[in-house]
Amino acid sequence: MYHKIRIGILIENFLRDSGGAENYGLRLAACLKDKYEVKIYCKQGDRLPAQVFRQYNVSPIEIYEYRFASSKLKIVRAIERRNRQKILNHIIPVECDVFINCTSNRFVGYKDKIKSIHIIHFPENSYLDYWFIPKIISRKLDARYANSYDIFLANSYFTQYWIKQKWGLEADILNPPISMTPIAISAIKNKKNIIIMVGRLIANKKIIEAVTIFNEKIAKYYTEWQLIIIGNKDSDSEEYYSQLKNIEMESNQIVILEDAPFEILLDYYKKASIFWHAAGYNVPASKPHMMEHFGMTTVEAMSQGCVPVVIDKAGQKEIVVHNENGFRWNTLEELASYTKELIQNSEKRFDMSLAAINGAKKFLAPEFEVKAKKIISNLLEEQYGKG
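Residues numbered from 1 in each chain as written. Predicted model: local features only at pLDDT ≥ 70, side-chain atom pairs only at ≥ 80, totals over all residues. Heavy atoms only, no water.

Chemist: Any chance you could break down the nonpolar core for me, citing the residues and the numbers?
Modeler: Counting residues in hydrophobic clusters, the biggest one holds 62 residues, and the most contacted among them are Ile7 and Ile100. Beyond its immediate sequence surroundings of up to four residues, Ile100 is in contact with Ile7, Gly8, Ile9, Leu10, Leu28, Leu32, Ile117, Ile119 and Ile376. Within the second largest apolar cluster, 36 residues are counted, among which are Ile208, Tyr222, Trp329 and Tyr338. (Core = buried A, V, L, I, M, F, W, Y, C linked by side-chain atoms within 4.5 Å. Buried < 20%, exposed > 50% of the residue type's maximum accessible area, 1.4 Å probe, protein only. Contact = heavy atoms within 4.5 Å.)

Okay, structure coming up:
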């Protein structure tokens, strides 16, 4: 009997500390659910599904929650991952026709049973990198993973390069979907004296470093300008969050909005004139996993006319064309200098705002949806002769 094609998407932290991978997975689910039967598989968490759907402005999608104990010990996490794999092995191949792994974990797919896709946000280390695993076993584990998917997709050229370096695998590019309608050009004149940062409130995002340079080089000279920081709290970064809140209390030009709903985020994107991104600052080339692998918030901000002033590393280089639709910096002094240039020159700020809007268009949801649906359709044609 005919049934609607069923697609299962693994988005592990959907109900926990949502970030770029979770946003990507949810947007993918949203764009596929009009044609296919979509189900999200995720860890149990302390957030309600309705809360997450509302935050990302997406209508509800069926979910399956599984138990997963969180630990900072690598050996415990390895055991938990193995248990998770066992649990889902009995469920996903039975419930789904297509499986999409939307995490960077080397979760073994189901190519021998159903069509399987791994969307990689950044690759983990190969098993060969772990000295305590015998080489013969490492090679078998790597091969088992590599042979368990039909397609590998990277969220950026930066990630694609490192998938090849770390895993020796070829991956196609499917940039993350940015589900925002570009701001009207007429609305640019309503922009406020606001610099915005968006991202999880964790040390890797280098928020404290950015706040420090704002206080030293911007706030004291341009008292009418504010720095607005919007992001999700992370359960493993409570101390860092407390430091940020203490900094906020000492300034009337810095505002931190945690776990803000989509409506508030969009409102601030529309108000803000400048967008900052600092993830990757002071990170050596030998630690690419600590950089921004694409930069969804950068594109979101650009689509709303914010001029991006972002670090000149990793995925940001694929989005921002220096001195055309934004600036890319290497030092905090450069960050401050480019920001001052925009503050002082409203005409240039307006021109770069227009360029930012145009630059964001190729990363918006319609482009993503066409590519994603074509990938799924081609896979299904191989198996069923139809999409």
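Moving on from the coordinates now.
Chemist: Give a detailed account of helix α12 (residues 346–360), specifying residues and quantitative values.
Modeler: Taking 1.5 Å per residue, 15 residues should reach 21 Å; α12 reaches 21 Å between its end C-alpha atoms and fits that length. The elements touched by buried residues of α12 are β11 (274–277), α10 (296–303), β12 (307–311), β13 (327–329) and α11 (332–344). Between the side-chain oxygen at the start of α12 and the backbone nitrogen of Glu347 there is a gap of 3.3 Å, and the oxygen is on Asn345. (Helix = DSSP H or I, 4+ residues; strand = E, 2+ residues; numbered from the N terminus. Expected span 1.5 Å × (residues − 1). Polar contact = N/O pair within 3.5 Å; in protein donor to acceptor, adjacent residues only side chain to side chain.)

Chemist: Go over the packing of aromatic side chains with me, naming the residues and quoting the values.
Modeler: Pairs of aromatic rings are described using the distance from one ring centre to the other and the angle between the two planes. On inspection of all chains with the given rule, the structure shows 17 aromatic pairs. Look at Phe122 and Phe158: their rings are 5.9 Å apart centre to centre, the planes differ by 25°, and that puts the pair in the stacked class. In this pair, Phe122 sits in the loop between β5 (115–120) and α5 (135–146) while Phe158 sits in helix α6 (residues 157–167), placing the two residues 36 residues apart along the sequence. Side by side, Phe122 and Phe158 carry an identical accessibility label, which is buried. Relative to Tyr338, the ring of Phe327 lies with its centre 4.6 Å away and its plane at 0°, an arrangement referred to as stacked. Of the two residues, Phe327 sits in strand β13 while Tyr338 sits in helix α11, which places them 11 residues apart along the sequence. A relative accessible area of 1% places Phe327 in the buried class. A residue is classified by how much of its surface remains accessible, and Tyr338, at 17% relative accessible area, is buried. The ring of Trp167 carries Arg106 above its face, with NZ or CZ at 4.8 Å from the centroid. Lying over the aromatic face of Tyr268, Lys271 brings its terminal NZ or CZ to 5.0 Å of the ring centre. (Phe/Tyr/Trp six-rings, centres within 6.5 Å; stacked < 30°, edge-to-face > 60°. Lys NZ or Arg CZ within 6 Å of the ring centre and 35° of its normal.)

Chemist: Account for the environment of Tyr41, naming residues and giving values.
Modeler: Mapping Tyr41 onto the fold places it in strand β2 (residues 37–43). In sequence terms Tyr41 and Leu88 are 47 residues apart; their C-alpha atoms lie 8.7 Å from each other. At 2.5 Å, the side chain of Tyr41 and the side chain of Glu95 are in polar contact.

Chemist: If you had to explain the pattern of salt bridges to someone new, which residues and values would you point to?
Modeler: Following the criterion strictly, the structure yields 14 salt bridges and no others. Between Asp142 and Arg106 there is a salt bridge, and its shortest N-O distance comes to 2.2 Å. Highlighted residues: Asp142 in helix α5 and Arg106 in the loop between β4 (98–101) and β5, separated in sequence by 36 residues. Among the residues examined, Asp142 registers a relative accessible area of 15% and is labelled buried. Put simply, Lys245 and Glu248 hold a salt bridge, and the shortest N to O gap is 2.7 Å. (Salt bridge = Lys/Arg side-chain N within 4 Å of Asp/Glu carboxyl O.)

Chemist: Could you give an account of α6, naming the residues involved and the relevant values?
Modeler: Taken together, the buried positions of α6 are occupied by Phe158, Thr159, Ile163 and Trp167. Projected down its long axis, α6 shows its buried positions confined to an angular sector of 135°, all on one face. Buried residues belonging to α6 abut β5, α5 and β6 (151–154). Of the residues one or two after α6, Gly168 is the one with positive phi, at around 70°. (Arc of directions from axis to C-beta.)

Chemist: How would you explain the side chain of Ser104 if you had to name every residue and give the values?
Modeler: Note on placement: Ser104 falls in the loop between β4 and β5. Take Ser104: its relative accessible area is 18%, and that puts it in the buried class. Within the local environment of Ser104, its side chain forms a polar contact with the backbone nitrogen of His121, the two atoms lying 3.3 Å apart. A distance of 2.8 Å separates a polar side-chain atom of Ser104 from the backbone oxygen of Phe122. Once residues within four sequence positions are removed from consideration, Ser104 is found in contact with His118, Ile120, His121, Phe122, Glu124 and Trp167.

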